[in-house]
Amino acid sequence: LYTRALALLEASGEAAAEERSVLLANRAACHLKDGACRLCVADCSGALELVPFGIKPLLRRAAAYEALESYRLAYVDYKTVLQVDCTVQAAHDGVNRMTKALLEKDGVNWRQKLPPIPTVPVSAQMRWSIPSATAPGANTPPATAPQGEPDQTAAGMERARTLKEEGNELVKKGNHKKAVEKYSQSLQLSQECATYTNRALCYLALKQYKEAAQDCTEALRLDPKNVKALYRRAQALKELKDYKSSIADIKSLLKTEPKNTAALRLLQELNRA
């Protein structure tokens, strides 16, 4: 349908750059879901040629590059998104994943092998709203975006950080139940991997193993190799007597940190279970 819409726009002679860019970015999302990563890259590149520095085509192209293991190109796109809007959590998470992957692949000098990261002009930084603030599939901001919206978003992110820190302090005092409340409030404002793993720790302490496993799964959706999430989910699954899945998580963890003593100890316990 997006292909037909693009063809109709071209035929009518009303092929406005923004409309074509949105359609290409939306078609790219479909390609990404289907695993057609090269087609996704091509559509995102086309969208960005028409309207440079769009957040959604940059994020989708980065995800496609990541799936194709083109980590340097993915890193560049994620970093470009953060120049456009520094509050996009998906881009922060992507940068963290790519940094780990490139460090493993290229060693300590990995930055020297990166392609140049484009400089985003101020006009482009003001142009785009955050993807989560737009309708699904949309790539353009509302025609009359409220002027204070970016500040409100930044305030929301700051509030999320404050709530997470309050939760951390409560954990130190052993008040896990109250900490869960703080982490839950923080997650309503910003879905951050560390907040999920912190809340999972509290759920483990409260013997709410199912909830702990669910939080770790959410964290791993954001960062598939997160060591804390893998370890804490393995702990929760062990208590739920799902030993097979628990062992699988520990083995995944040990691929990243083969000498992790806590994980090795838990694996021994699981093998005896």
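The rules behind each value
In every chain, residue numbers begin from 1 and rise along the written sequence. With pLDDT at 70 or above as the cut-off, local features in this predicted model cover only qualifying residues; side-chain atom pairs require 80 or more to be listed or tallied, and sums for whole chains, interfaces and linings still use all residues. Hydrogens and water are ignored here; the side-chain numbers use all heavy atoms of the structure. Only one rule defines a salt bridge in this text: a Lys or Arg side-chain nitrogen within 4 Å of an Asp or Glu carboxyl oxygen. Each helix is a run of DSSP H or I of at least 4 residues and each strand a run of E of at least 2, with the numbering of both proceeding from the N terminus. The buried label goes to any residue with under 20% of its type's maximum accessible area, the exposed label to any with over 50%, and the partly exposed label to all in between, with areas taken from a 1.4 Å probe on protein chains only. The term polar contact refers here to a pair of N or O atoms within 3.5 Å; inside protein, the definition further demands a hydrogen-donor-capable atom paired with an acceptor-capable atom, and it admits residues adjacent in sequence only when both atoms are side-chain atoms. Only heavy atoms enter the contact rule, under which two residues are in contact if any of them lie within 4.5 Å. UniProt positions are given in the numbering used here, feature names are shortened, and annotations may be inferred rather than shown by experiment. Among buried residues, those of type Ala, Val, Leu, Ile, Met, Phe, Trp, Tyr and Cys that are joined through side-chain atoms within 4.5 Å constitute a nonpolar core. Per residue, pLDDT captures the predictor's confidence, and it can take any value from 0 to 100. We call a pair of cysteine sulfur atoms a disulfide whenever their separation is within 2.5 Å. Only rings of Phe, Tyr and Trp enter the pairing, Trp through its six-membered ring, and a pair is recorded when the two centres are within 6.5 Å. The plane angle decides the type: under 30 degrees is stacked, over 60 is edge-to-face, the rest tilted. Angles here are taken between N-to-C directions and fall from 0 to 180 degrees, while the axes themselves are lines fitted to C-alpha atoms, restricted in helices to the stretch in contact. Roughly parallel here means an angle under 35 degrees, roughly antiparallel means over 145, roughly perpendicular means 65 to 115, and every remaining angle is called oblique. Each crossing gets its hand from how the near helix is turned against the far one by less than a right angle, where anticlockwise is left-handed and clockwise is right-handed. By the convention adopted, Pro, Cys, Tyr, Trp, Phe, Met, Ile, Leu, Val and Ala count as nonpolar, Lys, Arg, Asp and Glu as charged, and the other residues, Gly among them, as polar.

Caption draft 1: Here's a closer look at the pattern of salt bridges. If you walk through the whole model with that rule in mind, you get 14 salt bridges. A salt bridge links E192 to K164; the nearest nitrogen and oxygen atoms lie 2.6 Å apart. In this pair, E192 is assigned in the loop between α9 (176–189) and α10 (193–205) and K164 in helix α8 (residues 149–172), connecting sequence segments 28 residues apart. Judged by its relative accessible area of 15%, K164 falls in the buried class. A salt bridge links D249 to R233, with the nearest nitrogen and oxygen atoms 2.7 Å apart. Of this pair, D249 sits in helix α13 (residues 243–256) while R233 is found in helix α12 (residues 227–239), placing the two residues 16 residues apart along the sequence.

Caption draft 2: Quick peek at the side chain of S186. As for its position among the elements, S186 is in helix α9. A polar contact is formed between the side chain of S186 and the backbone oxygen of A160, at a distance of 2.8 Å. Contacts of S186, omitting those with residues within four sequence positions, involve A160, L163, K164 and T195.

Caption draft 3: Geometry of the UniProt feature "repeat: TPR" (unreviewed entry) in the protein. The UniProt record marks residues 193–226 with the feature "repeat: TPR" (unreviewed entry), using the residue numbering of this structure. Taken end to end, residues 193–226 has its terminal C-alpha atoms 8 Å apart, with 79% of it in helix and 0% in strand.

Caption draft 4: Representation of the nonpolar core. Formed by 27 residues in total, the largest nonpolar core has its most connected members in I55, L59, Y75, Y78, V81, V88 and A91. Residues I247, L253, L254 and L267 belong to the second largest nonpolar core, which totals 20 residues.

Caption draft 5: Structural view of the environment of S246. Mapping S246 onto the fold places it in helix α13. Spatially, the C-alpha atom of S246 lies 7.8 Å from that of L270, the residues being 24 residues apart in sequence. Setting aside its immediate chain neighbours within four residues, S246 contacts A234, L237, K238 and L270.

Caption draft 6: Spotlight on the confidence of the model for the protein. In the predicted model, the protein carries a mean pLDDT of 84, and the fraction of residues at 70 or more is 87%. In the predicted structure, residues 128–152 sits below a pLDDT of 50 and forms 38 contacts with residues beyond four places in sequence or in another chain.

Caption draft 7: Summary view of the environment of D77. Mapped onto the elements, D77 comes out in helix α5 (residues 71–84). Taking C-alpha positions, D77 is 5.7 Å from L58, a pair spaced 19 residues apart along the chain. Polar side-chain contacts of D77 include one of 2.7 Å to the side chain of R61.

Caption draft 8: Focus on the state of the cysteines. The final tally for this structure, using the stated rule, is zero disulfides. Lacking any disulfide linkage, C30 is separated from the closest cysteine sulfur, that of C40, by 9.8 Å. This cysteine, C193, is not joined by any disulfide, and C216 carries the nearest cysteine sulfur, 9.1 Å off. With a relative accessible area of 7%, C193 lands in the buried category.

Caption draft 9: Region of interest: the packing of aromatic side chains. Evaluated as defined, the whole model comprises one aromatic pair. With a centroid separation of 5.2 Å and an interplanar angle of 80 degrees, the aromatic rings of Y75 and W110 are classed as edge-to-face. A residue pair is termed long-range when its members are at least 10 positions apart, and Y75 in helix α5 and W110 in the loop between α6 (89–106) and α7 (122–127) qualify at 35 residues. We note that Y75, like W110, is buried.

Caption draft 10: Molecular detail of the packing of α10 against helix α11 (residues 209–222). Taken N-terminus to C-terminus, the directions of α10 and α11 make an angle of 165 degrees; their axes are 8 Å apart at the nearest point. Put simply, α10 runs roughly antiparallel to α11. The interaxial crossing formed by α10 with α11 has left-handed handedness. Contacts between α10 and α11 pair C193, Y196, T197, R199, A200, Y203 and L204 from the former with Y209, E211, A212, D215, C216, E218, A219 and L222 from the latter. Residues that form the contact of α10 with α11 fall into these classes: ten nonpolar, one polar and four charged.

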